[in-house]
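# Structural description and commentary
Single-letter residue listing:
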Amino acid sequence: MRLVDLKSLIKTDLKLDISLTKVSRVVSQAHILQEGEIKAEFALLWDYLGEIIRPNPGSTTLMKVERPLPESPSVFKRLFISFDCLKKGMLHGCRRVIGLDIFFLKGPVKGEILAAVGRDGNNQMFPVAWALVDTERRETWDWFISFLLMVLNWVLGQDGALSQTNKRHLYANWKKKNERREDLQKLWWRCAKSSNMPDFDKNMEAMRALTQKGAYFTTEVKCGIVDNNLIEAFNGKIIEARTKNVISMLEYIRSLIMNTLDTNRDLASNWIGNFGNRIRKKLHDSKVQSEACEILWNGKDGFEIGHLGDTYIVNLKTRTCACRQFDLTWIPCPDAVCAIEYLDKSNITPYNYIDQWFTKETYLKAYMYMMQPMNGRKFWNKSPYDPPQPPSYKKKCLVDLPKIEEKKRVRDPVGLNCLERVG
């Protein structure tokens with residue numbers, strides 16, 4: 001806020017008419033006090049990370065500091081936090097898919113938060129780990145992902161540790177070049193949501209663009225999402241935290257997740273049947289759409305389903321459909337629902353074909369581990385490590401040119417006004 005605007009605000013709210021000089025002095029003193037609070041909280045980071053481990057053994061806390069010179073104090077670089085209850089909940093009750101994103105801090109502490117969020121049995125967000133870094137770059141992402149895989153004991157590309165491209169961010173970049181082409185934007189999302197290759201090729205041919213979308217997704221993780229809404233939901237929860245000081249921010253996130261684990265655990269008691277409300281709604285939508293299907297049965301496992309002008313093969317034994325929606329999510333698609341209900345067996349319903357990852361039993365496995373409470377600051381054990389100093393943040397410079405040389409190029413781009421000294 002400009003000094004003039006602050007002066008006007010003081011006059012309006014406090015009915016005080018003070019000079020700009022006084023306003024400037026007050027702002028300077030406020031900055032000094034704020035810098036002192038920031039340094040005080042950064043100095044407690046080692047103690048705070050130690051207090052996380054004490055009541056929550058098995059959790060992972062890491063912090064990297066740097067010393068510009070051997071005799072200089074250590075300077076904060078980045079930290080990583082993952083509670084043991086979140087790690088176990090992810091491994092035992094969530095599918096092998098994780099969303100990654102970055103959030104900029106808006107308060108006195110500058111930097112960014114990297115976060116990893118999974119998906120539970122009711123398609124809700126399940127936070128796994130987060131990190132505070134000085135700036136986003138390839139090195140910090142490699143650092144964060146390497147420790148995330150270590151915590152989960154995953155190998156990238158194996159054990160279900162798979163990465164799906166965030167279509168929302170790709171779309172945001174693509175939209176900049178096609179901002180006024182609503183027809184292309186609709187085709188873009190049709191490509192993104194294509195669950196099988198014929199539909200994808202048809203939409204790609206109409207759009208004439210290159211991208212990677214759902215038609216290439218693996219069926220191992222049982223998740224067909226094409227956006228990053230889960231991680232964006234997490235971002236919405238921590239907006240207030242991003243305006244706080246460093247430890248206050250980390251404590252806000254910890255308290256939020258601790259409360260969320262307890263709330264989601266209790267929600268299962270209100271479920272109707274063995275599945276959550278989001279899964280039941282998804283199946284209900286498939287049932288409504290299945291009313292427009294036409295069916296041809298071979299008398300055993302093979303069904304030929306006509307739907308919206310196309311024909312799809314459904315095999316209930318292997319739980320597959322040519323549209324691949326059943327394969328990707330393992331929740332019956334409209335074609336599969338049509339085949340199941342055609343059999344008209346009293347002991348078999350579409351709910352019998354929903355995968356075990358969505359059952360109440362599996363859902364509660366994600367929330368059976370408790371996050372233990374922590375003591376206040378006066379009870380924290382003193383760390384033997386040197387207290388880190390807050391980092392000095394610099395704005396990114398797109399052109400790496402010396403300032404003096406840059407000014408010369410702007411004022412005199414061709415050197416016409418440069419005179420040589422001759423004597």
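Provided above is the structure to which this section pertains.
These remarks concern the structure in this document. (Residues numbered from 1 in each chain as written. Predicted model: local features only at pLDDT ≥ 70, side-chain atom pairs only at ≥ 80, totals over all residues. Heavy atoms only, no water.)

## Quick look at the overall build of the protein
Scanning the protein from N- to C-terminus turns up 15 helices and 9 strands. Buried residues in the protein amount to 43% of all 423 residues. Relative to all contacts within the protein whose residues are 6 or more apart in sequence, the contacts with residues 24 or more apart total 62%. Here the protein has roughly 24,800 Å² of accessible surface; of this, 53% comes from carbon and sulfur atoms. (Helix = DSSP H or I, 4+ residues; strand = E, 2+ residues; numbered from the N terminus. Buried < 20%, exposed > 50% of the residue type's maximum accessible area, 1.4 Å probe, protein only. Contact = heavy atoms within 4.5 Å. Areas by Shrake-Rupley, 256 points an atom, 1.4 Å probe, with all protein chains shown as cover.)

## Things to note about the packing of aromatic side chains
The geometry of an aromatic ring pair comes down to the distance between the two centres and the angle between the two planes. Counting across every chain of the model gives 16 aromatic pairs. Centroid distance Trp 141 to Phe 144: 6.1 Å. Interplanar angle 75 degrees. Geometry classified as edge-to-face. Of the two residues, Trp 141 and Phe 144 both sit in helix 5 (residues 138-152), 3 residues apart, roughly one turn of that helix. Neither residue differs from the other here; Trp 141 and Phe 144 are each classed as buried. Plain terms: the ring middles of Trp 297 and Tyr 342 are 6.0 Å apart, the flat faces sit at 75 degrees to each other, and that makes the pair edge-to-face. Linking Trp 297 in strand 6 (residues 294-297) with Tyr 342 in helix 13 (residues 334-343), this pair joins segments that are 45 residues apart in sequence. For Trp 297, a relative accessible area of 36% translates into the label partly exposed. For Tyr 342, a relative accessible area of 43% translates into the label partly exposed. (Phe/Tyr/Trp six-rings, centres within 6.5 Å; stacked < 30°, edge-to-face > 60°.)

## Here's the deal with the sheet that holds strand 7 (residues 302-307)
Each strand in a sheet pairs with another by means of backbone hydrogen bonds, the pair being arranged parallel or else antiparallel. The strand order across the open sheet built from 4 strands is 6-7-8-9, with neighbouring strands paired in antiparallel fashion. Edge positions in the sheet fall to strand 6 and strand 9 (320-321), since each has one partner strand and no second. Where strand 7 and strand 8 (residues 310-315) come together, 6 bridges link them in antiparallel fashion. Counterpart to Ile 305 in the pairing with strand 8 is Tyr 312. Together, strand 6, strand 7, strand 8 and strand 9 form the strand contacts of helix 13, whose direction differs from that of strand 7 by roughly 125 degrees. (Pairing = 2+ DSSP bridges. Axes fitted to C-alpha atoms, helices over the stretch in contact; angles between N-to-C directions.)

## Observations regarding the environment of Val 109
Structurally, Val 109 can be placed in the loop between strand 3 (99-104) and strand 4 (112-119). Separated by 71 residues in the primary sequence, Val 109 and Ile 38 place their C-alpha atoms 7.2 Å from one another.

## Overview of the packing of helix 11 (residues 277-290) against helix 13
Look at helix 11 against helix 13: their axes get within 8 Å of each other, and the N-to-C directions meet at 75 degrees. In terms of orientation, helix 11 and helix 13 fall into the roughly perpendicular class. Residues Leu 283, Ser 286, Lys 287, Gln 289 and Ser 290 of helix 11 form the contact with helix 13, whose participating residues are Pro 334, Val 337, Cys 338 and Glu 341. (Parallel < 35°, antiparallel > 145°, perpendicular 65-115°, else oblique.)

## As for the pattern of salt bridges
Across all of its chains, the model carries 17 salt bridges by this definition. Here Glu 139 ties to Arg 137 by a salt bridge, and the two come within 3.3 Å at their closest N and O atoms. The exposure class of Glu 139 is partly exposed, given its relative accessible area of 39%. With its nearest N and O atoms 2.7 Å apart, the salt bridge here joins Glu 251 to Arg 254. Of the two residues, Glu 251 and Arg 254 both sit in helix 10 (residues 246-267), 3 residues apart, roughly one turn of that helix. (Salt bridge = Lys/Arg side-chain N within 4 Å of Asp/Glu carboxyl O.)

## Side note on helix 3 (residues 45-53)
Since the α-helix packs 3.6 residues into each turn, any two residues three or four apart lie on the same face. Among the 9 residues of helix 3, 7 are classified as buried, and the element is accordingly described as predominantly covered. Within helix 3, the full set of buried residues consists of Leu 45, Trp 46, Asp 47, Tyr 48, Leu 49, Glu 51 and Ile 52.

## What about the sheet that holds strand 4?
A sheet is described by the order of its strands in space; here 5 strands give the open sequence 1-2-5-4-3, paired in antiparallel fashion. In the strand order of this sheet, the two ends are held by strand 1 (60-66) and strand 3, each with one partner. With direction set aside, neighbouring strand axes in the sheet form an average angle of 15 degrees. As judged from the 8 bridges shared by strand 4 and strand 5 (residues 125-133), these two strands associate in the antiparallel manner. Residue pairing in the sheet places Ala 115 in a bridge with Trp 130 of strand 5. Helix-sheet contacts for helix 10 involve strand 2 (75-82), strand 4 and strand 5, and the interaxial angle to strand 5 is about 170 degrees.

## Let's talk about unusual backbone geometry
Glycine aside, the phi torsion of most residues is negative, and most peptide linkages are trans. Of note in the backbone geometry, Asn 153 takes a positive phi value of approximately 55 degrees without being a glycine. Take Asn 153: it is sitting in the loop between helix 5 and helix 6 (167-175). Classification of Asn 153 as exposed rests on a relative accessible area of 65%.

## Considerations on a nonpolar patch on the surface
A cluster of nonpolar side chains, namely Leu 3, Val 4 and Leu 20, defines an oily patch on the protein surface of about 230 Å² accessible area. Looking at the element boundaries, Leu 3 is found in helix 1 (residues 3-14). Exposure remark for Leu 3: the relative accessible area of 33% places this residue in the partly exposed category. (Patch = residues over 30% accessible without salt bridge, like charges linked within 9 Å, V, L, I, M, F, W, Y side chains within 5 Å.)

## Brief notes about the state of the cysteines
Note on terminology: disulfide describes a covalent bond linking the sulfur atoms of two cysteines. Counting across every chain of the model gives 0 disulfides. Cys 333 carries a free sulfur, and the closest cysteine sulfur to it, the one in Cys 323, is 3.7 Å from it. (Disulfide = S-S within 2.5 Å.)

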